[in-house]
Amino acid sequence: MTHLSNAAQQFQESAIRRSGILGAAVPGLISLAAGYPAPEVFPWDDLQSITADLLARREGNTLQYGATRGYRPLIEQLLGKTLKDRGISGTFEDVIITTGSQQGLDLVGRVLIDPGDVVLVELPTYSGAIAAFHNLQAQFAGVPQDAEGIDLAALEAAIAGVRAKGQTTRFVYVTPNFQNPAGLLMSRARRLALLDTARRHDLVIVEDDPYGSIYFEDTTTADDTRPIKADDTDERVVYLGSFSKVLVPGLRVAWMVAPREIAAKVELAKQAADICSSVFDQRIVHGAMDRDVVERIAPSLRAHYQAKRTVMEQAIQSTLAGRVTWTSPRGGFFLWIELPAGVDDRALFDRALKERVSFVLGSSFFVDSGGHQFARLSFSGISHEQIAEGITRLAAAIHSHG
Ligand SMILES: Cc1ncc(COP(=O)(O)O)c(C=O)c1O
């Protein structure tokens, strides 16, 4: 007999990690699966000197347990600069530093989900959010997107459907800026209309925004990425931001801005989870903010990823024109392709491994067992040459389907 809880028996493996594990067994594989930032744009010299300075000062607090809520000077920097620049106002009590936004998703889930509750999500949606909420025994209602973002008529229908069944739904989870996986940018009108829908149905919006600063300047400006939270006048948006894509992911420093009632409970959940996020890591990030490192490298990050996006699109144009379709991403790390009719993501994945290339199955991002006609291709962490060669190999796998 198993000793595992019912919840643990249902835990899901991350689809992205799984693609990585399968791929790791293939020598010479090019991974279009891992959505990692590019190490060549990490601010190595700044981080080296900030870290050396911190350790040279030998302040016990640098390597000590810290406040659960986070390192106060970092929270103050966020409030005074990053959040202000994004149009978000708040106070110290509204902000919590988390160990990556992934922890933020888990903690907010702990505060907003009872077993059996329904979480409203976009179709497709970030697989890490599916995993976090699923592990808390949530169920899901998937809501399709159009070119402007989440389809609000479909959202209304989903809410009505859930409530007609006597189930509870407390929040809708969205990634308005360059969504992982579909790369879509939600229009400003749709953001405001979503807020209105949430108000009418008294729902919380969990807004996940790790990619907002990585917009491509050929088509997009910072104004296009204004968070929903910036227009949250009645305390219903939980906003998640992260240093993973704009500084480095390895420090695992992210933050949440939440309505006071939710923030207070998230703090308690975090106390039980890890007492506090790494103080050393938070102090390094604080040092980087102090030296304006994030601001300084932002234009080069945008240019770096935009160039890679273009290389991937050109490679697809020249090898798969007319066979796959996609919406050109205006920021972020991903290109989301619709496969030729009759090509299933699982069958294609097996063929792709034979060609020594991997991607993430489109279906990993769906909560309704659909999505097998899609694949997520990541251009962020590999070189231009690897992108071009990876697409050539993927094209061979697709063409071998006939
Ligand atoms: C949409 C989305 N949310 C959250 C995360 C987790 O990011 P972090 O590194 O801050 O935990 C990711 C990482 O890829 C992501 O794509």
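Just so you know, these numbers come straight off a predicted model, no measurement behind them.

1. Quick word on the overall build of the chain
- When you go through the chain residue by residue, the secondary structure sums to 13 helices and 13 strands.
- Its C-alpha atoms give the chain a radius of gyration of 21 Å, within 12% of the compact-globule value 21 Å for 402 residues.
- Each principal axis of the C-alpha distribution contributes one length, and for the chain these read about 60 × 55 × 55 Å.
- The proportion of buried residues among the 402 residues of the chain is 47%.

2. Remarks on the domain arrangement of the chain
- Along its sequence, the chain is organised into domain 1 (6–42 + 297–399) and domain 2 (56–294).
- Each of domain 1 and domain 2 was reduced to a C-alpha centroid, and the two centroids are 24 Å apart.
- Residue-level contacts link 33 residues of domain 1 with 37 residues of domain 2.
- Secondary-structure elements contributing two or more residues to the side of domain 1 that touches domain 2 are α2 (15–24), α11 (293–320) and β10 (334–338).
- Top element by residues in the side of domain 1 that touches domain 2 is α11. It accounts for seven residues.
- Its residues assigned to classes, the side of domain 1 that touches domain 2 comprises 18 nonpolar, ten polar and five charged.

3. A word on the sheet that holds strand β3 (residues 118–123)
- Taken together, the eight strands give an open sheet; going across it, the order is β2-β9-β8-β7-β6-β3-β4-β5, and neighbouring strands pair in mixed fashion. With partners counted over all chains shown, the strands left at the sheet margins are β2 (95–99) and β5 (149–150), one partner each.
- As paired elements, β2 and strand β9 (residues 253–257) share five bridges and run antiparallel to each other. Looking at the pairing, Thr98 lines up with Ala254 of β9.

4. With respect to the pairing of β2
- The buried fraction of β2 is high, at five of five residues.
- Of the two faces of β2, the one carrying Val95, Ile97 and Thr99 and the one carrying Ile96 and Thr98 are both buried.

5. What to know about the site of the ligand
- Taken together, the neighbourhood of the ligand is formed by 14 residues, with Gly100, Ser101, Gln102, Ser242 and Ser244 sitting nearest.
- The leading source of residues in the shell around the ligand is helix α5 (residues 100–112), at three residues.

6. Section: the nonpolar core
- Core analysis: the largest hydrophobic core is formed by 72 residues, its most contacted members being Val119, Leu120, Ile205, Val238 and Met256.
- Two domains each provide a minimum of three residues to this core, namely domain 1 (6–42 + 297–399) and domain 2 (56–294).
- With sequence-adjacent residues up to four places away left out, Leu120 is seen in contact with Ala141, Val143, Leu155, Ala158, Ile159, Thr169 and Val172.
- With 43 residues, the next largest nonpolar core counts Leu185, Leu320, Trp336 and Leu361 among its residues.

7. Thoughts on helix α7 (residues 152–164)
- Along its 13 residues, α7 runs 18 Å from first to last C-alpha, staying within 8% of the 18 Å computed at 1.5 Å per residue.
- Within α7, the full set of buried residues consists of Leu155, Ala158 and Ile159. All buried residues of α7 lie within an arc of 100° about the axis, which places them on one face of the element. Those residues of α7 that are exposed and aimed more than 90 degrees away from the buried face are Ala153, Ala160 and Ala164.

8. Comments concerning the packing of helix α4 (residues 72–85) against helix α10 (residues 279–290)
- Their axes nearest at 9 Å, the elements α4 and α10 cross at an angle of 40°. With respect to their mutual orientation, α4 and α10 come out oblique. Judged by the twist between their axes, the crossing of α4 over α10 is left-handed. Of α10, the residues touching α4 (which contributes Pro73, Leu74 and Gln77) are Gln282, Val285, His286 and Met289.
- Partitioned by chemical class, the residues of the contact of α4 with α10 number four nonpolar, three polar and no charged.

9. Remarks on the sheet that holds strand β13 (residues 374–378)
- The three strands are arranged β10-β13-β12 in an open sheet whose pairing can be described as antiparallel. Of all strands in the sheet, those with a lone pairing partner are β10 and β12 (360–361), marking the two edges.
- The pairing of β10 with β13 spans five bridges and is antiparallel. Note on β13: the bridge partner recorded for Phe334 is Ser378.

10. Concerning unusual backbone geometry
- Here the bond from Leu123 into Pro124 is cis, since omega is -5°, no more than 30 degrees from zero.
- One can find Pro124 in the loop between β3 and α6 (127–135).
- Residue Pro181 is reached from Asn180 by a cis peptide bond, and omega for that bond is 20°.
- Phi at Phe178 takes a positive value of approximately 55°, unusual for a residue other than glycine.
- Within the fold, Phe178 resides in the loop between β6 (171–174) and α8 (188–200).
- For Phe178, a count of 28 C-beta atoms within 10 Å gives the class buried.

11. So, the environment of Asp344
- With respect to the element layout, Asp344 can be found in the loop between β10 and α12 (345–354).
- Residues Asp344 and Arg302, 42 residues apart in the sequence, show an inter-C-alpha distance of 33 Å.

Quick notes on the rules
Per chain, residues are indexed from 1 in the order of the written sequence. Thresholds applied to this predicted model are a pLDDT of at least 70 for local features of residues and 80 or more for the giving and counting of side-chain atom pairs; totals over whole chains, interfaces and linings are not thresholded and use all residues. We count a stretch as a helix when DSSP gives it H or I for four or more residues in a row; a strand needs E for two or more, and each element gets its number in order from the N terminus. Computation of the radius of gyration draws on C-alpha atoms alone. For the globule rule, the value is 2.2 Å times the number of residues to the power 0.38. Exposed residues have 12 or fewer other C-beta atoms within 10 Å of their own C-beta, buried residues have 20 or more, and partly exposed residues fall in between, where C-beta atoms are placed from the backbone. Note: domain ranges come from an automatic or database domain assignment. Contact criterion: two residues are in contact if their C-beta atoms, reconstructed from the backbone, are within 7 Å. Side-chain classes are defined by residue name, with Ala, Val, Leu, Ile, Met, Phe, Trp, Tyr, Cys and Pro counting as nonpolar, Asp, Glu, Lys and Arg as charged, and the others, Gly among them, as polar. For two strands to be treated as a pair, DSSP must find at least two bridges joining them. For each residue, a C-beta atom is placed from the backbone, and the residue counts as near a molecule or strand when that atom lies within 6 Å of it. Under the definition applied here, buried Ala, Val, Leu, Ile, Met, Phe, Trp, Tyr and Cys residues are grouped into a nonpolar core through C-beta atoms within 7 Å. Working rule for helices: expected span equals 1.5 Å times residues minus one. In this description, the arc belongs to the directions extending from the helix axis to the C-beta atoms. Whenever a helix is involved, its axis is fitted only over the stretch in contact; in every case the axis is a line through C-alpha atoms, and angles between N-to-C directions fall within 0 to 180 degrees. Working rule for angles: under 35 degrees goes down as roughly parallel, over 145 as roughly antiparallel, 65 to 115 as roughly perpendicular, anything else as oblique. Crossing handedness is read from the near helix: turned anticlockwise from the far helix by less than a right angle, it gives a left-handed crossing, and turned clockwise, a right-handed one.

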